[in-house]
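Close look at the chain arrangement
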Amino acid sequence: MSDCKNCSGGCGGCGGCSGAMELTEGEIGMLRTLAQIPFLPVARRMDDDVPVYLEETDRSPAEYSLILQCLQKRGLIDIDYSQSISGFDYHGYAAYPVRGSFALTARGQQAVEWLEYQGAE
């Protein structure tokens, strides 16, 4: 695993070592959303690192949290709690004092392009 250029310690099944990556339907959906809207809001509690995303209701907040954590672990998105979205109304996130945004990484953009041109299997 130490030779893998895409891992930040340990193998989480990202596929970085083999070039293959398996994504869930939820992860693919989030990547496609980010392809249309480059920055999305995220928040968390002061005493917890679990990201909270409340903009879509197709899945539970817990499912969206897991999706974001998996995408971040795979290096496909960057979650930045120091960069909130200018002009965005975080009113729905009132219970979460730490607010920021998330966006595709370069690797995430490559994954989106692959999905657009190659399709998902």
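Just so you know, these numbers come straight off a predicted model, no measurement behind them.

**Observations regarding the side chain of Ser-65**
The residue Ser-65 is located in helix H2 (residues 61-73) in this model. Residue classification places Ser-65 among the buried residues on the basis of a relative accessible area of 7%. Once you skip the residues sitting within four places of it in the chain, Ser-65 turns out to touch Val-50, Pro-51 and Val-52.

**Thoughts on the nonpolar core**
Grouped together as the largest cluster of nonpolar side chains are 25 residues, with contacts concentrated most on Met-30, Leu-31, Tyr-53, Leu-68, Ile-77 and Phe-102. Looking at this core, the elements with two or more residues in it are helix H1 (25-36), strand E1 (40-44), H2, strand E2 (77-80), strand E3 (98-104) and helix H3 (106-118). Not counting residues within four places of it along the chain, the set of residues in contact with Phe-102 comprises Met-30, Leu-34, Pro-38, Phe-39, Leu-40, Pro-41, Val-42, Tyr-53, Leu-68, Ile-77, Asp-78 and Ile-79.

**Some remarks on H3**
Spanning 13 residues, H3 covers 18 Å between terminal C-alpha atoms, matching the ideal 18 Å at 1.5 Å per step. Within H3, the full set of buried residues consists of Arg-107, Gly-108, Ala-111, Val-112 and Leu-115. Down the axis of H3, the sector holding all buried residues measures 145°, keeping them to one side. Summarising the geometry of H3, the exposed residues directed more than 90 degrees from the buried face are Ala-106, Gln-110, Glu-116, Tyr-117 and Gln-118. Tucked inside the fold, the buried residues of H3 contact H1 and E3. Where H3 terminates, the next one or two residues include Gly-119, which has phi positive at roughly 85°.

**Observations regarding the sheet that holds E3**
Strand order in the open sheet formed by three strands is E1-E3-E2, and the pairing between neighbours is antiparallel. The open sheet terminates on both sides in strands that have one partner only, identified here as E1 and E2. When strand polarity is set aside, the average angle formed by the axes of neighbouring strands in this sheet is 30°. Packing of H1 onto the sheet brings it into contact with E1, E2 and E3, and relative to E3 it is tilted by some 90°.

**Remarks on the packing of H1 against H2**
Running from N to C, H1 and H2 point in directions that differ by 75°, and their axes come no closer than 10 Å. Considering the angle they form, H1 stands roughly perpendicular to H2. On the side of H1, the interface is formed by Gly-26, Glu-27, Met-30 and Leu-31, while H2 contributes Tyr-64, Ile-67, Leu-68, Cys-70 and Leu-71. A per-class count over the contact of H1 with H2 returns seven nonpolar, one polar and one charged.

**Looking at the environment of Gln-109**
Relative to the elements of secondary structure, Gln-109 occurs in helix H3. With relative accessibility at 34%, the residue Gln-109 sits in the partly exposed group. As for Gln-109 and Leu-31, which are separated by 78 residues in sequence, their C-alpha atoms are 8.4 Å apart.

**Structural notes on the packing of aromatic side chains**
Applying the stated rule across the entire model yields four aromatic pairs. When the ring of Tyr-53 is compared with that of Tyr-64, the centres are 5.3 Å apart and the planes differ by 75°; the resulting orientation is edge-to-face. Remark: Tyr-64 occurs in helix H2 and Tyr-53 occurs in the loop between E1 and H2; sequence separation between them is 11 residues. Tyr-64 carries the same exposure label as Tyr-53, and that label is buried. Connected via pairs of aromatic rings, a cluster forms that spans Tyr-53, Tyr-64 and Phe-102. Just above the ring of Tyr-81 sits the side chain of Arg-44; from NZ or CZ to the centre is 4.8 Å.

Cut-offs applied
- Residues numbered from 1 in each chain as written.
- Predicted model: local features only at pLDDT ≥ 70, side-chain atom pairs only at ≥ 80, totals over all residues.
- Heavy atoms only, no water.
- Helix = DSSP H or I, 4+ residues; strand = E, 2+ residues; numbered from the N terminus.
- Buried < 20%, exposed > 50% of the residue type's maximum accessible area, 1.4 Å probe, protein only.
- Contact = heavy atoms within 4.5 Å.
- Core = buried A, V, L, I, M, F, W, Y, C linked by side-chain atoms within 4.5 Å.
- Expected span 1.5 Å × (residues − 1).
- Arc of directions from axis to C-beta.
- Pairing = 2+ DSSP bridges.
- Axes fitted to C-alpha atoms, helices over the stretch in contact; angles between N-to-C directions.
- Parallel < 35°, antiparallel > 145°, perpendicular 65-115°, else oblique.
- Nonpolar A, V, L, I, M, F, W, Y, C, P; charged D, E, K, R; others polar.
- Phe/Tyr/Trp six-rings, centres within 6.5 Å; stacked < 30°, edge-to-face > 60°.
- Lys NZ or Arg CZ within 6 Å of the ring centre and 35° of its normal.

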